[in-house]
Amino acid sequence: MRDLATMDLFAFCRVVDTIDAKAILKGGYFRGQQPGADAEEIGFEVIYDLMSKAATKDSEKLIYEFLAGPFERTPDEIRLMPLPELFDNITKLAKDARLPDFFRFAANRMKSTS
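Presented here is an overview of the structure given in this document. Quick caveat: nothing in here was measured; it's all calculated off a predicted structure.

Brief notes about the side chain of arginine 2
Mapping arginine 2 onto the fold places it in the segment before α1 (6-19). What makes arginine 2 buried here is its relative accessible area of 18%. Those residues in contact with arginine 2 that lie beyond four places of it in its chain are Met7, Asp8, Gly69, Pro70, Glu72 and Leu93.

See the structure below:
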């Protein structure tokens, strides 16, 4: 697994735009600001909420492409990944790559451009 990079921000913003996830990101950001907030739990919840909104094939494809980058896998490998492995990878990403910080940054960028 690699650190999040600039290209991941743009891939992530495409997902957010496609599934209209601004409200989920804002909610995750505000939960993360609460005293004693669990960054790992919040990051996982945000990812889960985003994935649950991905009801179209186009949205699903964009999510696979986003996760493929930091997971260093192909989008097809993400698509076929067993759920326990996916959740483990998301948890590791949340810890190692400071995923909530990434979401906070992305949400702030989107807010400043809206």
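Here we look at helix α4 (residues 57-71)
With 15 residues, α4 extends 21 Å between its outermost C-alpha atoms, agreeing within 8% with the 21 Å of an ideal straight helix rising 1.5 Å per residue. Among all positions of α4, only Ser59, Leu62, Ile63, Tyr64, Phe66, Leu67, Ala68, Gly69, Pro70 and Phe71 are buried. Two residues or fewer past α4, glutamate 72 is found with a positive phi of approximately 55°.

Description of the pattern of salt bridges
Within the structure shown, the criterion is met by 5 salt bridges. Among the ionic pairs, arginine 31 bridges to glutamate 45, the shortest N-O distance being 3.4 Å. Within this pair, whereas arginine 31 is found in helix α2 (residues 22-32), its partner glutamate 45 is found in helix α3 (residues 39-52), the two being separated by 14 residues in sequence. For arginine 31, a relative accessible area of 33% translates into the label partly exposed. Under the relative-accessibility criterion, glutamate 45 is labelled partly exposed at 27%. Across the salt bridge formed by lysine 61 and glutamate 65, the nearest N and O atoms sit 3.8 Å from each other. Taken together, the residues lysine 61 and glutamate 65, both in helix α4 and 4 residues apart, mark about one turn of the helix. In this structure glutamate 65 comes out as partly exposed when scored by relative accessible area, which is 33%.

A few points about the packing of aromatic side chains
Aromatic ring pairs are defined here through the distance separating the ring centres and the angle between the ring planes. Counted by the stated rule, this structure contains 3 aromatic pairs. With 5.3 Å between their ring centres and 50° between their planes, phenylalanine 12 and phenylalanine 66 make a pair best called tilted. In this pair, phenylalanine 12 is assigned in helix α1 and phenylalanine 66 in helix α4, connecting sequence segments 54 residues apart. On the accessibility criterion, phenylalanine 12 (1% relative accessible area) is buried. Considering the side-chain rings of tyrosine 29 and phenylalanine 30, the 5.3 Å spacing of their centres and the 70° angle between planes classify their relative orientation as edge-to-face. Relative accessible area serves as the criterion here: at 22%, tyrosine 29 is assigned to the partly exposed category.

Criteria and thresholds
Residues numbered from 1 in each chain as written. Predicted model: local features only at pLDDT ≥ 70, side-chain atom pairs only at ≥ 80, totals over all residues. Heavy atoms only, no water. Helix = DSSP H or I, 4+ residues; strand = E, 2+ residues; numbered from the N terminus. Buried < 20%, exposed > 50% of the residue type's maximum accessible area, 1.4 Å probe, protein only. Contact = heavy atoms within 4.5 Å. Expected span 1.5 Å × (residues − 1). Salt bridge = Lys/Arg side-chain N within 4 Å of Asp/Glu carboxyl O. Phe/Tyr/Trp six-rings, centres within 6.5 Å; stacked < 30°, edge-to-face > 60°.

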